[in-house]
Amino acid sequence: MKLRTATHDDLGAIVAIHNQGIAAGTTANLTPHTVAALEAWFDRHKPPSRPIIVAEIAATVVGWASLSDYRPGREATRHCAEISYFVDAGHQRQGVATALMQEAMDRCEDAGITMLLAILLADNHASIALLRKFEFQEWGRLPEAVITSTGAIDHLYLGRRV
């Protein structure tokens with residue numbers, strides 16, 4: 001597996017993988033994204049401070065992670081970033097998310113990040129297990145803040161200092 005900084009050419013694969021997560025109900029997004037809709041999001045991620053990292057196997061993007069501004073525009077939160085990650089359904093439970101998480105954490109010092117937050121659905125047990133493996137702790141819970149077709153779900157904030 002090769003890990004590298006994403007290029008604009010990767011955006012189609014990033015969107016496709018994210019849309020798998022939407023279809024699976026592992027994110028609070030309910031409507032699939034388009035490449036055009038995520039252009040501005042992609043452009044806001046400038047390495048080294050806010051990279052998007054992709055995992056490739058046999059020259060195919062199989063997962064991605066991003067370090068995004070937490071509360072954009074609020075300068076006092078500039079050392080805090082939100083980490084997000086998604087893995088292609090055919091490559092889950094093969095160490096891709098673990099590798100992406102480690103790479104993202106390894107980049108935090110150069111990015112000026114001292115705190116990472118993951119904001120996720122309380123029923124995303126695989127993601128919670130991965131975050132706990134990396135010593136994230138629950139820092140907040142918004143009870144039933146996420147409403148989907150299957151019901152209300154708590155929104156969790158897991159965090160750690162890096």
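It should be noted that the structure appears before, not after, this text.
This structure is a prediction, so every number in the text was calculated from the model and none was measured. (Residues numbered from 1 in each chain as written. Predicted model: local features only at pLDDT ≥ 70, side-chain atom pairs only at ≥ 80, totals over all residues. Heavy atoms only, no water.)

**Some details on the overall build of the protein**
Part 1 of the reasoning: Scanning the protein for helices and strands turns up five helices and seven strands.
Part 2 of the reasoning: Ordered by position in the sequence, the α and β elements of the protein form the string β-α-α-β-β-β-α-α-β-α-β-β.
Part 3 of the reasoning: Its C-alpha atoms give the protein a radius of gyration of 15 Å, within 12% of the compact-globule value 15 Å for 162 residues.
Part 4 of the reasoning: Over its C-alpha atoms, taken along the principal directions, the protein stretches across nearly 40 × 35 × 30 Å.
Part 5 of the reasoning: Looking at the protein as a whole, 45% of its 162 residues are labelled buried.
Part 6 of the reasoning: Long-range pairs, those at least 24 residues apart, make up 60% of the contacts in the protein between residues at least 6 apart in sequence.
Part 7 of the reasoning: Of the accessible surface of the protein, which amounts to about 8500 Å², a share of 52% is contributed by carbon and sulfur atoms.
Part 8 of the reasoning: One way to put it: in the protein the 15 positive side-chain charges average out to a point 4 Å from where the 18 negative ones average out. (Helix = DSSP H or I, 4+ residues; strand = E, 2+ residues; numbered from the N terminus. Rg over C-alpha atoms; globule rule 2.2 N^0.38 Å. Buried < 20%, exposed > 50% of the residue type's maximum accessible area, 1.4 Å probe, protein only. Contact = heavy atoms within 4.5 Å. Areas by Shrake-Rupley, 256 points an atom, 1.4 Å probe, with all protein chains shown as cover. Lys, Arg positive; Asp, Glu negative; His and termini not counted. Charge placed at Lys NZ, Arg CZ, Asp CG, Glu CD.)

**Examining the nonpolar core**
Part 1 of the reasoning: Counting 32 residues, the largest nonpolar core has Ile83, Met101, Leu116, Leu131 and Phe136 as its most contacted members.
Part 2 of the reasoning: Sorting the residues of this core by element identifies strand 2 (52–57), strand 3 (60–69), strand 4 (80–87), helix 3 (96–106), helix 4 (108–111), strand 5 (115–121), helix 5 (125–133) and strand 7 (151–161) as the ones contributing at least two each.
Part 3 of the reasoning: Here this core gets six residues from one element, more than from any other, and that element is helix 3.
Part 4 of the reasoning: Aside from chain neighbours lying at most four places away, what touches Met101 is Ile83, Tyr85, Leu130, Leu131, Phe134 and Phe136.
Part 5 of the reasoning: By size, the runner-up hydrophobic cluster in this structure holds 13 residues, among which are Ile17, Val54, Trp64 and Phe86. (Core = buried A, V, L, I, M, F, W, Y, C linked by side-chain atoms within 4.5 Å.)

**Here's the deal with the state of the cysteines**
Disulfide: a covalent bond formed between the sulfur atoms of two cysteine residues.
Part 1 of the reasoning: Taken as a whole, this structure holds zero disulfides when the rule is applied.
Part 2 of the reasoning: Lacking any disulfide linkage, Cys80 is separated from the closest cysteine sulfur, that of Cys108, by 10 Å.
Part 3 of the reasoning: Taking the relative accessible area as the measure of exposure, Cys80 reaches 9% and is therefore buried.
Part 4 of the reasoning: Overall, Cys108 belongs to the buried group, its relative accessible area being 1%. (Disulfide = S-S within 2.5 Å.)

**A closer look at the packing of helix 1 (residues 11–24) against helix 2 (residues 35–44)**
Part 1 of the reasoning: Where helix 1 contacts helix 2, the two axes come as close as 10 Å, and the packing angle between them is 110°. The angle between helix 1 and helix 2 places the two elements in the roughly perpendicular class. In this structure, helix 1 contributes Leu11, Gly12, Ile14 and Val15 to the contact, and helix 2 contributes Val35, Leu38, Glu39, Trp41 and Phe42.
Part 2 of the reasoning: Across the contact of helix 1 with helix 2, the residue classes break down as seven nonpolar, one polar and one charged. (Axes fitted to C-alpha atoms, helices over the stretch in contact; angles between N-to-C directions. Parallel < 35°, antiparallel > 145°, perpendicular 65-115°, else oblique. Nonpolar A, V, L, I, M, F, W, Y, C, P; charged D, E, K, R; others polar.)

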